[in-house]
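Breakdown of the fold
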Amino acid sequence: MKRLFIAFLITLVLGVGIYFITTLIGNKEETTPVIKEGITYEFDDSYSENVTIDALSENINNEEEVIILIGKKEEDPTKKVSAILGELEMQDTNIYYLERQDNISESLSYQNLLASYPELNNYMNFTPVILVFRNREFIGGLPGEVEKKNITQFLEYTEVI
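In this text, all values refer to a predicted model and were calculated from it rather than measured experimentally. Note that residues are indexed from 1 along each chain, following the sequence as it is written. Owing to the predicted nature of the model, reporting of local features is limited to residues with pLDDT of at least 70; listing and counting of side-chain atom pairs is limited to 80 or more, with chain, interface and lining totals taken over all residues. Calculated side-chain values reflect all of the structure's heavy atoms, with hydrogen atoms and water omitted.

Turning our eyes to something else, we now look at the overall build of the chain. Each helix is a run of DSSP H or I of at least 4 residues and each strand a run of E of at least 2, with the numbering of both proceeding from the N terminus. Looking only at helices and strands, the chain has six helices and five strands in total. Along its sequence from the N terminus, the chain presents helices and strands in the succession α-α-β-α-β-α-β-α-β-β-α. C-alpha atoms define the radius of gyration, and 2.2 Å times the number of residues to the power 0.38 defines the globule rule. For 161 residues, the compact-globule estimate of 2.2 N^0.38 gives 15 Å, and the chain exceeds it by more than 25% at 25 Å. Based on the C-alpha atoms only, the size of the chain along its principal axes is roughly 85 × 30 × 30 Å. Considering the chain as a whole, with its 161 residues, one finds that 36% of them fall into the buried category. Contact definition: two residues touch when any of their heavy atoms are within 4.5 Å. In the chain, the share of contacts with a sequence separation of at least 24, taken over all contacts with a separation of at least 6, comes to 68%. Considering the chain, the positive charge centre built from 13 side chains and the negative charge centre built from 27 side chains are found 16 Å apart. Under the scheme applied here, a residue whose accessible area is under 20% of the maximum for its type counts as buried, over 50% as exposed, and between as partly exposed, the area being computed with a 1.4 Å probe on protein chains only. Note that His is not counted, nor are the chain ends; the positive residues are Lys and Arg, and the negative ones are Asp and Glu. Taken as the charge location is NZ of Lys, CZ of Arg, CG of Asp or CD of Glu.

Structure representation (structure tokens):
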């Protein structure tokens, strides 16, 4: 019985010792999440033009390259994405903002847009979403609240910047 108790104590001491050594010596940057508090974004549409769903198809067909941000102005993710897009320098690019409405799926223009570009079904349920069109062809979309590096990588991938 004495041996069992000594083995238990040795195992306990070794386990606690290994735990403390790994937490003290381990890389704290990987284990602790980075929380950015206090950053608030304001909705910025100074770089874009407001558009309706009816005029959207016409703009896509008439212009060589079109970037569309779809969202709701009062939601924080849309504010963040719009502010980040405003920080990026994209001269000579047609950027439009479409306010997402709850009854947008009932619109005939919306149905025609989805019929013309069936890939949009994958993106239209998200707010905010960034859509890129070039030469009347859908290039890609970036849904949801994302960071600046994600937006920059997406715009580089779609050859906008």
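Okay, the pattern of salt bridges next. A pair is scored as a salt bridge if a Lys or Arg side-chain nitrogen falls within 4 Å of a carboxyl oxygen belonging to Asp or Glu. On inspection of all chains with the given rule, the structure shows four salt bridges. Here Lys80 ties to Glu145 by a salt bridge, and the two come within 3.7 Å at their closest N and O atoms. In this pair, Lys80 sits in helix H4 (residues 76-87) while Glu145 sits in the loop between strand S5 (137-143) and helix H6 (148-157), placing the two residues 65 residues apart along the sequence. Classification of Lys80 as buried rests on a relative accessible area of 9%.

Consider a sheet: its strands pair through backbone hydrogen bonds, and that pairing is either parallel or antiparallel. Between any two strands, pairing holds if DSSP finds at least two bridges. With mixed pairing, five strands are arranged side by side in an open sheet as S1-S3-S2-S4-S5. Strands at the two margins of the open sheet, each flanked by one partner only, are strand S1 (49-50) and S5. Where S1 meets strand S3 (residues 94-99), two bridges bridge the pair, whose relative direction is parallel. The residue of S3 that forms the bridge with Asn50 is Tyr97.

Moving on, we come to the pairing of S3. Inspection of the sheet shows strand S2 (residues 65-71) paired to S3 by six bridges, in the parallel sense. Along S3, the bridge assignment pairs Ile70 with Leu98. Handedness is read with the strands pointing away from the viewer; a crossover is right-handed when the path from the first strand over the helix to the second is clockwise. Regarding topology, H4 serves as the crossover connection from S2 to the parallel S3, and that connection is right-handed.

In terms of nonpolar packing, the biggest core is built from 21 residues, with Leu56, Ile68, Leu98, Leu120, Leu131 and Phe133 touching the most fellow members. Within the residue set of this core, elements represented by two or more residues are helix H3 (53-62), S2, S3, helix H5 (108-116) and strand S4 (129-134). Leaving out residues up to four positions away in the same chain, Leu98 has contacts with Val51, Thr52, Ile53, Leu56, Ile68, Leu69, Ile70, Gly71 and Ile104. By nonpolar core we mean a set of buried residues, namely Ala, Val, Leu, Ile, Met, Phe, Trp, Tyr and Cys, connected to one another through side-chain atoms within 4.5 Å. Counting residues in hydrophobic clusters, the runner-up holds 17 residues, among them Ile67, Leu142, Val146 and Val160.

Turning next to the packing of H4 against H6. An axis is simply a line fitted to the C-alpha atoms; with a helix, the fit covers only the stretch in contact. Between two such axes, the angle follows the N-to-C directions and lies from 0 to 180 degrees. Interaxial distance between H4 and H6 falls to 10 Å at its minimum, and their mutual angle equals 60°. In terms of orientation, H4 lies oblique with respect to H6. In terms of crossing hand, the pair formed by H4 and H6 is right-handed. Contacts between H4 and H6 involve Val81, Ile84, Leu85 and Glu87 from the first element and Lys148, Ile151 and Leu155 from the second. Broken down by class, the residue content of the contact of H4 with H6 amounts to five nonpolar, no polar and two charged. Angle categories are assigned with fixed cut-offs, so that under 35 degrees is roughly parallel, over 145 is roughly antiparallel, 65 to 115 is roughly perpendicular, and the rest are oblique. Take the far helix as the reference: if the near one is turned anticlockwise from it by less than a right angle, the crossing is left-handed, and if turned clockwise, right-handed. Asp, Glu, Lys and Arg are counted as charged, while Ala, Val, Leu, Ile, Met, Phe, Trp, Tyr, Cys and Pro are counted as nonpolar; the rest, among them Gly, fall into the polar class.

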